[in-house]
Amino acid sequence: TGPTDVLMAGVRTGKLDAALVAGPVDDPAFSATPLYKEELMLVTPRSHRRVRTPEDVMLDTLIVFEQGCAYRRRAESWFASHGPGRVPVRTLELASYHAILACRVAGAGVAVVPRSVIAMQMEPHGFSTHSLGRDGRISTYLICRRERGSASLLALRSLLVASL
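Residues numbered from 1 in each chain as written. Predicted model: local features only at pLDDT ≥ 70, side-chain atom pairs only at ≥ 80, totals over all residues. Heavy atoms only, no water.

1. Some thoughts on empty space enclosed by the protein
Next up, step 1: Within this structure, the stated rule accounts for 1 cavity of 30 Å³ or more.
Next up, step 2: Quantified by volume, the largest cavity comes out at close to 50 Å³.
Next up, step 3: Forming the walls of the largest cavity are Val64, Phe65, Cys69, Tyr71, Arg72, Tyr97, Ile100 and Val112.
Next up, step 4: For the lining of the largest cavity, the elements supplying multiple residues, two or more each, are helix 2 (70-80) and helix 3 (97-105).
Next up, step 5: Each residue belonging to the lining of the largest cavity can be placed in one class, and the counts come to 7 nonpolar, no polar and 1 charged. (1 Å grid on protein atoms, 1.4 Å probe; cavity = no way out; pocket = protein on both sides within 12 Å on 5 of 7 lines; lining within 4 Å. Points joined across faces, edges and corners; volume = space filled by probe spheres on them. Helix = DSSP H or I, 4+ residues; strand = E, 2+ residues; numbered from the N terminus. Nonpolar A, V, L, I, M, F, W, Y, C, P; charged D, E, K, R; others polar.)

Have a look at this one:
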């Protein structure tokens, strides 16, 4: 596990044979197989007003993974798309969804989390979720170096595609 950029670098250098990364994957060095689509949700306090655009966000801290994370890039892009004045003032970097959601529940800021992670949480959440619209849709890919294609990798790809 790790940020998209770190995983892609590991595959590029041969440290990793393959990785699951958030796309898009535009690098011609990789063979990329789309596996599933994810929807990123903005998570706010339960009492927060409805969020349609970054202007509606009342908190100034964004709780995210470290630099290189595709989900973080997508969240920062969503805020920046409405002007530089809407980018959160502070960023709190954490290493797990559990920590991110716990800090969100404690009132530390807002977070961007995949809908599938939210769905796994036990009720009551203690937070509200808001769609990022088109900006929140992201696909996950299995990547490997284009010139590498072992039988094991082909079998993994087949299993993953068959499980969809």
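2. Quick word on the side chain of threonine 61
Next up, step 1: For threonine 61, the location among the structural elements is in strand 3 (residues 61-64).
Next up, step 2: Taking the relative accessible area as the measure of exposure, threonine 61 reaches 9% and is therefore buried.
Next up, step 3: At a separation of 3.3 Å, a polar atom in the side chain of threonine 61 contacts the side chain of arginine 90.
Next up, step 4: In this view, threonine 61 contacts Pro88, Arg90, Leu92, Ala108, Gly109 and Val110; residues no more than four positions away in its chain are not counted. (Buried < 20%, exposed > 50% of the residue type's maximum accessible area, 1.4 Å probe, protein only. Polar contact = N/O pair within 3.5 Å; in protein donor to acceptor, adjacent residues only side chain to side chain. Contact = heavy atoms within 4.5 Å.)

3. Notes on the layout of surface pockets
Next up, step 1: Looking at the largest pocket, its volume works out to about 610 Å³.
Next up, step 2: Thr1, Gly2, Phe65, Tyr71 and Tyr97 are the residues nearest the centre of the largest pocket, which is lined by 22 residues in total.

4. Here we look at helix 1 (residues 4-13)
Next up, step 1: All of the buried residues along helix 1 are Thr4, Leu7, Met8, Gly10 and Val11. Take helix 1 and look down its axis: the buried residues cluster within an arc of 155 degrees, on one side only.
Next up, step 2: Where helix 1 is buried, its residues meet strand 1 (18-22), strand 2 (30-45), helix 2 and strand 7 (137-145).
Next up, step 3: Just downstream of helix 1, glycine 14 is the residue with a positive phi angle, here 90 degrees. (Arc of directions from axis to C-beta.)

5. Some remarks on the nonpolar core
Next up, step 1: If you look at the biggest cluster of nonpolar residues, it comprises 28 residues, and the most contacted ones within it are Leu42, Val57, Leu62, Trp78, Phe79, Val112 and Val113.
Next up, step 2: The set of elements that each furnish at least two residues to this core consists of strand 2, strand 3, helix 2, helix 3, strand 5 (110-114) and helix 4 (115-119).
Next up, step 3: Counting residues per element, this core draws most heavily on helix 2, which supplies 5 residues.
Next up, step 4: Beyond its immediate stretch of four places on either side in the chain, phenylalanine 79 contacts Leu42, Pro54, Val57, Leu62, Arg86, Val87, Pro88 and Val110.
Next up, step 5: Ranked by size, the runner-up nonpolar core spans 9 residues in total, among them Met8, Ala19, Phe30 and Tyr141. (Core = buried A, V, L, I, M, F, W, Y, C linked by side-chain atoms within 4.5 Å.)

Limitation: the analysis is restricted to geometry and does not speak to function.
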